[in-house]
Each structure stands twice: as structure tokens, then as C-alpha cells.
Amino acid sequence: MMMKRNAEQILARIHQSCDKVSRDIQEVCPIVVTKNRTNEEIQEVYSLGFRHFAENRVEKLLERQEAFPQDDIVWHLIGPLQKRKVKQIVNRIQYFHAIDRLSIMEEIEKRLESPLKCFLEVNVSGEESKHGFTTKEVFEAFEVAKQYANIDIIGLMTMAPFDASEEEIRQYFHELKEITENIDSEKSLQLSMGMSQDYPIAIEEGAHFIRIGTAWFEEEE
Ligand SMILES: *Cc1c(COP(=O)(O)O)cnc(C)c1O
């Protein structure tokens, strides 16, 4: 019951945020981040009709695919990828959200058998602990990616710092949107941003993919 209520709450908030800025709700895809959850919990969200699932680690994602072989699930890898694990995973997912360095692209391209939708991860806040290109480097990364036939850069991804204020978070998300517009005004790049704590802000600032974990599974405080 709790999960059904959480899901309704999430959908209501997505609606609200879209209304607030006159966006079409179809533009926003909620991803169920399944990390640290049991298969039973995930089954429940699946039964509610959600189909976009994500893990942040390769081993975990592969385990989940074994537990959930349904071919209507869309799999997203949202965490950083080590070179030696690229070949295990890149042909088994539909989206990769975390291209965070130039050196990983070559390996991904080498292993891909068909195009993969990817996001370049941007460290907008500049926190040292965070992965991703700086707001300057990402322009070059976008150019570099063009030489790879199978790496299909569909947008940019970021994470707000845990301790940021609402205004700071909004500023980071806004900045990511501005970067997409400056990088390529024609291609209309998409935005992967927003987690349990900040997805309403992310939607208001233009997010297309929101990566929600905790809010599906836990009682609200
Ligand atoms: C865990 C995780 C999320 C979801 O975080 P919640 O706060 O549980 O919603 C989103 N994005 C990434 C990259 C994650 O690792």
C-alpha cells in the first residue's frame, strides 16, 4: 500500500511541477532507482506500471536483469563506468547517464554493437567529490563524442550537492539547462536531473528524466 501511495504522490508532484511552468507531463520520465532495494519491492513498482529502472552499479544492474527478464523494462545505468566493465554492460542497457570522462568514450564505442543513448555528466557545482566534466570541459566532450557512431549523446546529467539549499539547487539545474542550449541549440538536448529530494525543482527547471530512489520505497518523514 505504501508504495502505491508513494507512486501516486510522485505522479501528483510531477503534475504539479509541470503545471507550474506549463510543461507537458509527457516530457518527464520518472526513473525508478532500484539500488539497495529488494526484488519484492521492485516487483511492486513494476506491478504499478512503471517500466524505467536504474542501477548505479554494473554488477547490480546485471543481477536485476536476471531477476526481471521482462522485455518491456527499460534499463538505465546511472553510475560511473570503469573501463574493464564496459563490455559486460553497454549492449544490455537502453540509457547510460554517466559519461564522465573522455577516455571512457573510446572503450564504449569499441564495445557497442548498436547506438546507445547517453548523457554527459556535468559537475555543475564543482564539488571535488563529484564525477563529471566541468562546465567548461563539457563543450569539448560533446564535440569529441560526435566522432563515435554508436555513442548517441541525447543530453546532460547532473547531481546537486546533498547539502545545497533549494535556491542553490535551482541554480545548478538552471545552469545545466543553459549549457544544453549553448552546446547545441538545434538538437534540443535532454536533461537528466532531480532525485527524491529535489525532483520538483528539476522539473521546473526543465528535467526530462528524473532519477528517483528513496521516494518510491520509504515513508515520507
Ligand atoms: C541513488 C541515486 C539516485 C536516487 O537517489 P534518491 O535520493 O534515493 O532518490 C539518483 N541518481 C543517482 C546517480 C543515484 O546514484
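Residues numbered from 1 in each chain as written. Predicted model: local features only at pLDDT ≥ 70, side-chain atom pairs only at ≥ 80, totals over all residues. Heavy atoms only, no water.

Digging into the overall build of the chain
Scanning the chain for helices and strands turns up nine helices and eight strands. With the principal axes as the frame, the chain shows a C-alpha extent of 50 × 40 × 30 Å. For the chain, with 221 residues in total, the buried portion stands at 52%. The long-range fraction of contacts in the chain, counting pairs at least 24 apart against all pairs at least 6 apart in sequence, stands at 56%. A total accessible area of about 11,400 Å² is found for the chain, and carbon and sulfur atoms account for 45% of it. (Helix = DSSP H or I, 4+ residues; strand = E, 2+ residues; numbered from the N terminus. Buried < 20%, exposed > 50% of the residue type's maximum accessible area, 1.4 Å probe, protein only. Contact = heavy atoms within 4.5 Å. Areas by Shrake-Rupley, 256 points an atom, 1.4 Å probe, with all protein chains shown as cover.)

Focus: the packing of aromatic side chains
Under the defined criterion, the tally for this structure stands at five aromatic pairs. Where Tyr46 meets Phe53, the ring centres are 6.5 Å apart and the plane angle is 65°; that geometry is what we call edge-to-face. An aromatic cluster of three or more residues is present, and its members are Tyr46, Phe53 and Trp75. Here the guanidinium or amino end of Arg51 rests over the ring plane of Tyr46, the centre of that ring lying 3.6 Å away. Geometry around Tyr95 places Lys117 over its ring, the cationic atom sitting 5.3 Å from the centre. (Phe/Tyr/Trp six-rings, centres within 6.5 Å; stacked < 30°, edge-to-face > 60°. Lys NZ or Arg CZ within 6 Å of the ring centre and 35° of its normal.)

Focus: the site of the ligand
As a matter of local geometry, the ligand sits amid Val33, Lys35, Asn56, Ile78, Met159, Met195, Ser196, Arg211, Ile212, Gly213 and Thr214. The separation between an oxygen atom of the ligand and a polar side-chain atom of Lys35 is 2.8 Å. Within the side chain of Thr214, an N or O atom sits 2.5 Å from an oxygen atom of the ligand. Protein contacts shield 88% of the accessible area of the ligand, which totals 390 Å² for the unbound molecule. (Near = heavy atom within 4 Å. Polar contact = N/O pair within 3.5 Å; in protein donor to acceptor, adjacent residues only side chain to side chain.)

Overview of the side chain of Asn150
Turning to its location among the elements, Asn150 is positioned in the loop between helix H6 (137-145) and strand S6 (151-157). The buried category is assigned to Asn150, whose relative accessible area is 17%. Apart from residues lying up to four places away in sequence, Asn150 is in contact with Glu109, Leu112, Glu113, Ser114, Pro115 and Leu116.

Considerations on the pairing of S6
For S6, a buried count of six out of seven residues is recorded, marking the element as mostly surrounded by other parts of the structure. Between the parallel pair strand S5 (residues 116-121) and S6, the chain is carried across by H6, and the sense of this crossover is right-handed. The pairing of S6 with strand S7 (residues 190-192) spans three bridges and is parallel. Bridging across to S7, Gly155 finds its partner in Gln190. One crossover worth recording links S6 to the parallel S7 by way of helix H7 (residues 166-183), and it is right-handed. (Right-handed = clockwise from strand over helix to strand, strands pointing away. Pairing = 2+ DSSP bridges.)

Remarks on the packing of H6 against H7
Interhelical geometry of H6 versus H7 gives an angle of 45° and a closest axis separation of 11 Å. The orientation of H6 relative to H7 falls into the category oblique. When the axes of H6 and H7 are compared, the crossing they make is right-handed. Judged by residue contacts, Val138, Phe139 and Phe142 of H6 engage Ile179, Asn182 and Ile183 from H7. (Axes fitted to C-alpha atoms, helices over the stretch in contact; angles between N-to-C directions. Parallel < 35°, antiparallel > 145°, perpendicular 65-115°, else oblique. Left-handed = near helix turned anticlockwise from the far one by under 90°.)

Examining unusual backbone geometry
The backbone of Ser22 sits at a positive phi, close to 55°, despite the residue not being glycine. Looking at the element boundaries, Ser22 is found in the loop between helix H1 (2-20) and strand S1 (29-33).

With respect to helix H2 (residues 39-47)
Buried within H2 are the following residues: Glu41, Ile42, Val45 and Tyr46. One face of H2 carries all of its buried residues, which in axial projection span an arc of 140°. With respect to the buried face of H2, the exposed residues turned more than 90 degrees away are Glu40 and Ser47. As for H2, its buried residues are in contact with H1, S1, strand S2 (52-55), helix H3 (58-67) and helix H9 (214-217). Looking one or two residues beyond H2, the residue adopting positive phi is Gly49, at roughly 110°. (Arc of directions from axis to C-beta.)

A word on H3
Every buried residue of H3 is listed here: Val58, Leu61, Leu62, Arg64 and Gln65. Mapping the buried residues of H3 onto a view down its axis gives an arc of 160°, with all of them on the same face.

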